Protein chains: 2
Amino acid sequence: MPVTPFRNVAILGLGLIGGSLFHRLGTVATGYDADPKTRAAAGRVADTVAEAVTGADLAVLAVPLPAMAEVLDAVRAAGYTGLLTDVTSVKAAPRRLAAEHCPGATWVGGHPMAGREQSGFAAADATLFDGCAWVLALEHDTDLDAWLRLASLVTSIGARVVPASADEHDAAVARISHAPHVLASALAARAGTDRMALTLGAGSFRDGTRVAATRPELTAAMCGGNANAVRDELDALIDQLTEARRRLDDPAALADWFRAGHDVRSQWPPTPGEPRQVPASRDALLTLGRAGGWITAVSPDGATLTAHPPSDF
Amino acid sequence: MPVTPFRNVAILGLGLIGGSLFHRLGTVATGYDADPKTRAAAGRVADTVAEAVTGADLAVLAVPLPAMAEVLDAVRAAGYTGLLTDVTSVKAAPRRLAAEHCPGATWVGGHPMAGREQSGFAAADATLFDGCAWVLALEHDTDLDAWLRLASLVTSIGARVVPASADEHDAAVARISHAPHVLASALAARAGTDRMALTLGAGSFRDGTRVAATRPELTAAMCGGNANAVRDELDALIDQLTEARRRLDDPAALADWFRAGHDVRSQWPPTPGEPRQVPASRDALLTLGRAGGWITAVSPDGATLTAHPPSDF
C-alpha cells in the first residue's frame, strides 16, 4: 500500500520539540499550546485542542508526560480517531495512557533524541532533528501501515528512525540518558559539600556534571516516568561501583575494570555499515533496531526501507 | 626574607605536564626523561637524573606515581638536598614516598589541574598552565619559605595556587576527578551491553562518559593512588544513588533530590571576590584554600600574597 504523505499535522504543545517540528513542517502543521503567549508567538495555531485536531491526519502530543492524560482526554472529546504519536523520553507509560484515555486513535509512540539546554518555543529550531535518532515504538499490536507512514514523515525531515519496542526503548534510555542524569546530579551534590573541590573542578567535573544543571522538575519527571528501568539501571551501576571499590588496592584488577568502559567509549559513536534495503516486516525492523541500526527512508510503496545496520551486522 | 627566583630547575620526566613546564620555563629548565627519543626531541636535557639535579635549586618530579620511588632514589643517590616538588594527582602518597626515599630534600607537593586528551612530550604546550588551579600542599611541617618560593614560581607562569593539606587535596580530587572517572567508565560499560543504547546515546551520554576513553592503566594508577579517599567518595555516591532510587516513584521527592546537584552545578565555576592581600601565614593560607580561594602573586619580600577569596568570604 502506498505511503501517503500527511496533509494536516496537529502539533499539541509548542515547546522545544513541538515548536521545532512546527517550524520544520511549515504549512502542513497546525499548532496548539496551552499558553496564549506561545500561541501568539507561533501564529499559525488553533485556539483549542479540538480545533487543532479537527481535520488532522496526524496528531503529535508534544507535552511532558505529566500533562499527557489531560491532552489525550481533550483529543478523545474532540472525536479524533486518526494517527496519534508523542515525543516524550519514555515509551511504555504513554502507550498505557493512550490506550486508557484515547482508545479510538491509532497510537505509535515516538522519541526524538534531540535536546538543548534551552527549552520553550523561543528555543525551537527547524534544524533540530537533522541526523538525530528518532525512536518509533513498534509492538506486536502496532498498526504497521501507520508506523510506516510516520517513519516516512520522520525520515523526510532528516532524522534516523530506530525501531524498538517500548520496553527496549525504555531500558536503553535509562542507560544512556536517565542514569547519566542521576549520576551527574550525585557528583555535583557531593562536590557542593567541599568548596575547595569546586575550585579544583576541571574537565572531568565540568563534563561529568553538565546535565545536573537541568531543571530538577524536568529531570524528575523524566526519570520518574521510567522508574522501573531506571531502578534496574541504578542497581546495575551500584554493583559496578561496588566492584570498582573492591579493586582499588589492586592496580591490575582496577585497570581491567576500567578497560570495559574504555573499550566501549573509544569506539563510540557506532559506525554504520553500508545501507541496504530491508522488507517492511515487524521482525526485520525490530532485529535491526536491537542490533544498533536505523532507517533513513521508506520506499513510496511502503514495501521496503533503507536501513543502516551496524558495520558488523 | 626576600623570595629569590629559581635559576636552575631540573624537570624529571617530560610528558605532557613536565614537557609543558619545560617549554614554559625556557632556559632556566634542564630536562630529563628515561626515554632517549624524548630526550632527543627536547634538546636542552641531561643524560641522567644525577646530571639533571646537580646544581639545580628546584627539582620537579614529573613522573607518574608508580615511577616515583625509583626517581626519588636516583635524586637521593645524586646527593640532592634542595627543594623538591611533584605534579601527580594525589598528594598524601608522594609525601610518604619522599620522606622515605629522599629525606634529605625539602618536599613541597604540587598538583596542576591541567589535563589533555593527548599525553607525552609531543602534546606539551607552554600555555597549558594559563589560569589553571595548581595545588601546593601545605602541612604543619612544610617549610613555609620553600612553599612561598614555589608559589612565586607557579604564579609567575600564570597559574592560580590553591593552598591545601595533602588530605584535603586528596578528598577534593576524589570528588571532582577520580570519582567522575569511575562513574564515566561504569556508564560506558553498561551502555556497551546494549547496542540500541549506543545508537541512541546523545549529549548526556557523550559528556557523561568522555573521560572513560582515558587509558585504563592511567585511570587505575590515579584512582588506586588515592584509594582511601576514592573509597570514601564511592561510598557516599552509592548512598546518594540508593536515595535517588528510593524516590523514583515520588516525583516531588525526586525533584528535591535533583535540586541539590542542580543548585551546585548552575553556580559553578565559583565567582572570585575582590583580590586582597593576605599574610604569609600557614593558617591564613589553609583557611583561604578551604574556602575555595586561591593566590595569584607573592610579594617580592615574601610577606604577603595576593588572594582571590570566594565572593562571600
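K.L.:
Tell me about the state of the cysteines, residues and numbers included.
P.N.:
Counted by the stated rule, this structure contains 0 disulfides over all chains. Summary of cysteine pairing: cysteine 223 of chain B is not part of a disulfide, and the nearest cysteine sulfur, belonging to cysteine 132 of chain B, is at 20 Å.

K.L.:
If you had to explain the relation of the copies chain B and chain A to someone new, which residues and values would you point to?
P.N.:
When chain B is fitted onto chain A, the two copies agree to an RMSD of 0.0 Å after a turn of 180 degrees and an axial shift of 0.0 Å. Considering both components of the superposition, the chain copies are consistent with a two-fold axis. Comparing interface residues between copies, 100% of those in chain B also lie at the interface in chain A; the contact surface is shared.

K.L.:
Can you explain the side chain of glutamate 233 of chain A? Please cite residues and give values.
P.N.:
Looking at the element boundaries, glutamate 233 of chain A is found in helix H11 (residues 227-246). In this structure glutamate 233 of chain A comes out as buried when scored by relative accessible area, which is 2%. Engagement of the side chain of glutamate 233 of chain A in a polar contact is seen with the side chain of arginine 175 of chain A, the distance being 3.1 Å. Sequence-distant contacts of glutamate 233 of chain A, that is, excluding residues within four places in its chain, are made with Ala174, Arg175 and Ala179 of chain A together with Arg190 of chain B.

K.L.:
Go over the environment of proline 36 of chain B with me, naming the residues and quoting the values.
P.N.:
For proline 36 of chain B, the position within the fold is in helix H2 (residues 36-42). Separated by 94 residues in the primary sequence, proline 36 of chain B and aspartate 130 of chain B place their C-alpha atoms 29 Å from one another.

K.L.:
Please provide a residue-by-residue account of the pairing of strand E1 (residues 9-12) of chain B, values included.
P.N.:
Residue and element names in this part refer to chain B. Residues Val9 and Ile11 point to one face of E1 and Ala10 and Leu12 to the other, with burial holding for every one of them. Relative to strand E2 (residues 29-32), E1 runs parallel, the two being bridged by 4 bridges. Considered in E2, the bridge of alanine 10 is made with threonine 30. Following the chain from E1 across helix H1 (residues 16-25) to the adjacent parallel E2, one finds a crossover that is right-handed. Relative to strand E3 (residues 58-61), E1 runs parallel, the two sharing 4 bridges. Residue pairing for E3: leucine 12 is matched across the bridge by leucine 61.

K.L.:
Explain the interface of chain B and chain A residue by residue, including any values.
P.N.:
Counting residues at the interface gives 94 residues for chain B, matched by 94 residues for chain A. Surface buried jointly by chain B and chain A totals about 8,200 Å² across both partners, of which 68% is contributed by carbon and sulfur atoms. Among the residues of chain B in contact with chain A, Arg190, Met196 and Leu200 of chain B are the three that bury the most area, contributing 9% of the side total. Across the pair glutamate 233 of chain A and arginine 190 of chain B runs a salt bridge whose closest N-O atoms are separated by 2.8 Å. Across the contact surface, chain B and chain A share 28 residue pairs in polar contact (both at pLDDT 80 or more). Among the elements that make up the side of chain B that touches chain A, the one with the highest residue count is helix H7 (residues 166-191) of chain B (20 residues). Here the residues of the side of chain B that touches chain A are counted per class, giving 52 nonpolar, 22 polar and 20 charged.

K.L.:
Could you give me a rundown of the side chain of threonine 85 of chain B, with the residues and numbers involved?
P.N.:
Residue and element names in this part refer to chain B. One can find threonine 85 in strand E4 (residues 83-86). Judged by relative accessible area, threonine 85 falls into the buried class, the value being 5%. Only 2.6 Å separates the side chain of threonine 85 from the backbone oxygen of valine 108, close enough to count as a polar contact. Aside from chain neighbours lying at most four places away, what touches threonine 85 is Leu58, Ala59, Val60, Leu61, Trp107, Val108, Gly109, Gly110 and Leu150.

K.L.:
Help me get a handle on the pattern of salt bridges, residues and values and all.
P.N.:
Tallying each qualifying case throughout the model produces 34 salt bridges over all chains. Ionic pairing is found between glutamate 168 of chain A and arginine 290 of chain A, a salt bridge with its closest N-O pair at 2.3 Å. Of this pair, glutamate 168 of chain A sits in helix H7 (residues 166-191) while arginine 290 of chain A is found in helix H13 (residues 282-290), placing the two residues 122 residues apart along the sequence. By sharing partners, the salt bridges in this structure join Arg175 and Glu233 of chain A together with Arg190 and Asp194 of chain B into a single network.

K.L.:
Please set out the pairing of strand E7 (residues 133-137) of chain A residue by residue, giving values where relevant.
P.N.:
Residues and elements named next belong to chain A. Among the 5 residues of E7, 5 are classified as buried, and the element is accordingly described as predominantly covered. Along E7, one buried face is formed by Ala133, Val135 and Ala137 and the opposite face, lined by Trp134 and Leu136, is buried too. Of the pairings in the sheet, the one linking E7 to strand E8 (residues 160-164) comprises 5 bridges and is parallel in character. Looking at E8, one finds that tryptophan 134 is bridged to valine 161.

K.L.:
I'd like a rundown of the confidence of the model for chain A, residues and numbers included.
P.N.:
Taken residue by residue, chain A gives an average pLDDT of 95. The fraction at 70 or more is 99%. Both scores are given for the predicted complex: the pTM is 0.92, the ipTM 0.94.

K.L.:
Tell me what's going on with the packing of H7 of chain A against H11 of chain A, and back it up with residues and numbers.
P.N.:
Residues and elements named next belong to chain A. Close contact between H7 and H11 brings their axes to 9 Å; oriented N to C, the two are set at 65 degrees. In this structure, H7 crosses over H11, and the sense of that crossing is right-handed. Seen from H7, the contacting residues are Asp170, Ala171, Ala174, Arg175, His178, Ala179, Val182 and Leu183; seen from H11, they are Ala229, Val230, Glu233, Leu234 and Leu237. Among the residues making up the contact of H7 with H11, the classes are represented as 9 nonpolar, 1 polar and 3 charged.

K.L.:
Outline H7 of chain B, supporting the account with residue identities and numerical values.
P.N.:
With 26 residues, H7 of chain B ought to run about 38 Å at 1.5 Å a step, and its terminal C-alpha atoms sit 36 Å apart, in line with that. Among the 26 residues in H7 of chain B, 24 count as buried, and that is most of the element.

K.L.:
Give me the sheet that holds E4 of chain B: which residues, what numbers.
P.N.:
As summarised here, the arrangement of the 5 strands in space is E2-E1-E3-E4-E5 (chain B), forming an open sheet in which the pairing is parallel. Each edge of the sheet is formed by a strand with only one pairing partner; in this case those strands are E2 and strand E5 (106-107) of chain B.

K.L.:
Quick one: what's the story with helix H6 (residues 144-156) of chain B, residue by residue and with numbers?
P.N.:
One full turn of an α-helix is made of 3.6 residues, so residues set three or four places apart face in the same direction. All names here are of chain B. Counted at 1.5 Å a residue, the expected span for H6 with its 13 residues is 18 Å, and the 18 Å between its end C-alpha atoms agrees. Those residues of H6 that sit buried are Leu144, Ala146, Trp147, Leu148, Leu150, Ala151, Leu153, Val154 and Thr155. The backbone nitrogen of aspartate 145 lies 3.0 Å from a side-chain oxygen of the residue at the head of H6, namely aspartate 143. Glycine 158 sits one or two positions beyond H6 and adopts a positive phi of about 95 degrees.

K.L.:
Give me the sheet that holds strand E5 (residues 106-107) of chain A: which residues, what numbers.
P.N.:
Residues and elements named next belong to chain A. Across the sheet, 5 strands lie side by side as E2-E1-E3-E4-E5; this open sheet has parallel pairing. Across the chains shown, the open sheet's two edge strands, defined by having one partner strand only, are strand E2 (29-32) and E5. Lying on the sheet, helix H1 (residues 16-25) is in contact with strand E1 (9-12), E2 and strand E3 (58-61); it crosses E1 at an angle near 155 degrees.

K.L.:
Can you lay out the packing of aromatic side chains for me, pointing to particular residues and giving the numbers?
P.N.:
Aromatic ring pairs: the centre-centre distance and the angle between the two ring planes describe each pair. Residues and elements named next belong to chain A. What the rule picks out here adds up to 8 aromatic pairs over all chains. Seen in terms of ring centroids, tryptophan 257 and phenylalanine 258 are 5.1 Å apart; in terms of plane orientation they differ by 85 degrees. Their pairing is edge-to-face. A cation over an aromatic ring shows up here: arginine 160 above the ring of tryptophan 294, its NZ or CZ 4.4 Å from the ring centre.

Rules behind the numbers
Residues numbered from 1 in each chain as written. Chains lettered and ligands numbered in written order. Predicted model: local features only at pLDDT ≥ 70, side-chain atom pairs only at ≥ 80, totals over all residues. Heavy atoms only, no water. Disulfide = S-S within 2.5 Å. Least-squares fit on C-alpha atoms with pLDDT ≥ 70 in both. Contact = heavy atoms within 4.5 Å. Helix = DSSP H or I, 4+ residues; strand = E, 2+ residues; numbered from the N terminus. Buried < 20%, exposed > 50% of the residue type's maximum accessible area, 1.4 Å probe, protein only. Polar contact = N/O pair within 3.5 Å; in protein donor to acceptor, adjacent residues only side chain to side chain. Pairing = 2+ DSSP bridges. Right-handed = clockwise from strand over helix to strand, strands pointing away. Buried area = accessible area lost by both parts, 1.4 Å probe. Salt bridge = Lys/Arg side-chain N within 4 Å of Asp/Glu carboxyl O. Nonpolar A, V, L, I, M, F, W, Y, C, P; charged D, E, K, R; others polar. pLDDT = per-residue confidence, 0-100. Axes fitted to C-alpha atoms, helices over the stretch in contact; angles between N-to-C directions. Left-handed = near helix turned anticlockwise from the far one by under 90°. Expected span 1.5 Å × (residues − 1). Phe/Tyr/Trp six-rings, centres within 6.5 Å; stacked < 30°, edge-to-face > 60°. Lys NZ or Arg CZ within 6 Å of the ring centre and 35° of its normal.

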